[in-house]
Amino acid sequence: MIMAIYFIAIAIAASFALSSQASLVVHPKCVPNSYENKKIYKQSDTRQKQFIDQVLQRNSSVYVKRTGFSGQAATVSFRGLNPTHSLILLDGVPLNNASSGLFDLSILQSKSIDSVKIIPGSASVLYGANAIGGVVDMTSHQATQNQNKIQIEGGSFNTFNGYTNFDRVYDSGNYTLYAEGNRTDGLPKYEKNRKLGERNKTSIGGGGAHLNHAFRMANLSLFLRGNESNLKYDASTVNILSKPQNNQYRRTNLMGVKLTSDSKKYDYHHELLMARFNDYSKYSGPSFSNHSKYYGSYKLTYYGEGNSDTNVLLTADNEFLKEQDNFKKDGAVIGTALSHNHMIFQNFFLDIGIRNDYHKTYKNHQTYSSVIKYKVKQSTFFISYRTGFRSPSLTDLYKEDDYYESNNNLGPEKSYSIETGVTTPVNKYYKIHLSYYRTVLKNRLLQTQQSNGKWKTHNVANDTRIDGIDLQQTVNMNESLGFSLGYSLVNLDRQEPGVTTAIPRHKINGDLNWKMTKEIESHLSVQWVGNRKSGSNNLRNYTIVDFNLAQHLSKTSQIYLKINNLFDERYIITPGYRTPRQEVYIGTILTF
């Protein structure tokens, strides 16, 4: 069934591409985006950090939870919800794991990522399940000019990072090859008897390729990416280990093909995507997890008169999970979505959408969205209503061993979210976004330990309500100096059982970019995280300041200094897991 949909989508896209006489263009019509609070980090932002989760934690709407240093699990939460309510995309392919329902970002380094788009709030109509809290949409590096790059960095904890890419552009397209790596001896002594490397001694490597080729009527993209990590010692181990041993090995592979076609004459856009993703983890002993996904999507956009468009989206997602003890399960979801964006009258826009997902276990499920926007001069006022859902993971439903107890009676989580706010440039230097939202989550999935010692997931009867405020400000004083400030307030109904209380009520992020001279530029990043409560642990607030200073020696070379946790703050993210103190790195970037 799934493969049949793939081939039907190919036939549809191919027939349009081959029958049209229009040349390949980017459609000139521009419709205001429904997600006013989205944030896009470009490569100039991502290269300042080594891992993607470090880039994401710069946004006040996002809370990154990490269990240790590089290589250890890193998850993303939006607006007081769980990591399982965050959808992670890479090159348009959902990465969330069928076993846990989330994706561990620790294996993804940032140098090979060109852009990271963050969309806070429910987006299930456009993106499907798991997008209750928000979406992280990443795009791998693609060539824009003939260029070779080498970046080398080293510093604290015997850490070394490297990245290189080979980019070429030709008349009908472009291609790139890239490779990256990271290794570290881990964090220093945790107690007086612990040794360097007894936590997070890690090596991570990866590489990939991306080809774009423009035919007369369509554009073809082929992409391939692989990542691998080896982690020595378990970060949660408290007993001293006598010698290093492989504790966890992880490998991810992503390959896919995308076909797009645009036409001014017929006012349409076609986009076909087919991909395969695999996430394999091997732990100490016989324990392993192998998650495979086949994903396909077809999107048709029709641009109507004036500022309007209509989108039709078809998706097919088939997942396979295999673990030790011959545990094998699969799941399939077929989605169909229709959305329409229309200017009702001057400066007044309406965006509505509906989606139906057919789940192998839960059959049909519908989600809805409606957004009203009104533009006054440069300001945009909006109010939105969106619903979402998330199905239980295959582990929640079927896993039965010494640690887990299955529950076949689980129902999917459902949500609705209301948000209102304004985005306005006060003047040519200052832009502000302010919004208030309320999210209500029904049938929340909660995992608890039973009297027999096993963990079992069940649905919470009472609703969980979250109210919050998002504030984003950007100030560009001139071409050389600019800063941004973000504030997030999460008012979580902490009386409900199963609520993720480790989420801070207040979070502030600030970034300052200063080009001191033509050759010297600096960047200062500040993150303040408020008090949190995790179980019986009261976690105090903390402030992390990161500093970058770059010296351009020529048009093709630069050296830089990077200091993370400039003031050597002691802090805790996850109880029982060590966090790094001050880190100092020096590096160089060469382009030729």
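Residues numbered from 1 in each chain as written. Predicted model: local features only at pLDDT ≥ 70, side-chain atom pairs only at ≥ 80, totals over all residues. Heavy atoms only, no water.

On to the pattern of salt bridges, then. The final tally for this structure, using the stated rule, is 20 salt bridges. One salt bridge connects E180 with R225, and the closest N-O pair in it is separated by 3.6 Å. Of the two residues, E180 sits in strand β10 (residues 173-184) while R225 sits in strand β12 (residues 219-232), which places them 45 residues apart along the sequence. On the basis of relative accessible area, E180 is assigned to the buried category, the value being 7%. With relative accessibility at 4%, the residue R225 sits in the buried group. Here D467 ties to R465 by a salt bridge, and the two come within 3.4 Å at their closest N and O atoms. (Salt bridge = Lys/Arg side-chain N within 4 Å of Asp/Glu carboxyl O. Helix = DSSP H or I, 4+ residues; strand = E, 2+ residues; numbered from the N terminus. Buried < 20%, exposed > 50% of the residue type's maximum accessible area, 1.4 Å probe, protein only.)

What follows covers the nonpolar core. Within the largest apolar cluster, 25 residues are counted, with the highest numbers of intra-cluster contacts made by I52, L56, V76, L105, V116, V136 and M138. Where this core is concerned, the elements lending two or more residues are α3 (52-56), β2 (62-66), β3 (74-78), β4 (86-90), β6 (113-120), β7 (134-140) and β14 (268-283). With residues up to four places along the chain from it excluded, the contact list for L105 reads I52, L56, A74, V76, I88 and M138. (Core = buried A, V, L, I, M, F, W, Y, C linked by side-chain atoms within 4.5 Å. Contact = heavy atoms within 4.5 Å.)

Further remarks concern the environment of H359. Tracing the sequence through the fold places H359 in strand β18 (residues 348-359). For H359, a relative accessible area of 13% translates into the label buried. Along the backbone, H359 and V333 are 26 residues apart, and their C-alpha atoms lie at a distance of 4.6 Å. With residues up to four places along the chain from it excluded, the contact list for H359 reads A332, V333 and S391. Within the structure, the side chain of H359 is placed 3.3 Å from the backbone nitrogen of Y362, a separation counted as a polar contact. (Polar contact = N/O pair within 3.5 Å; in protein donor to acceptor, adjacent residues only side chain to side chain.)

By the alternation rule, side chains of β18 split into F349, D351, G353, R355, D357 and H359, which are all buried, and F348, L350, I352, I354, N356 and Y358, of which none is buried. In terms of strand pairing, strand β17 (residues 327-345) meets β18 through 12 bridges, oriented antiparallel. Following the sheet pairing, S339 is matched in β18 by G353. Where β17 folds back on β18, the antiparallel hairpin that results is connected by 2 residues, among which N347 adopts a positive phi of roughly 70 degrees. (Pairing = 2+ DSSP bridges.)

Time to look at the pairing of β14. Of all 16 residues that make up β14, 12 are buried, and the element is covered over most of its length. The pairing of β14 with strand β15 (residues 288-303) spans 15 bridges and is classified as antiparallel. Considered in β15, the bridge of M274 is made with G296.

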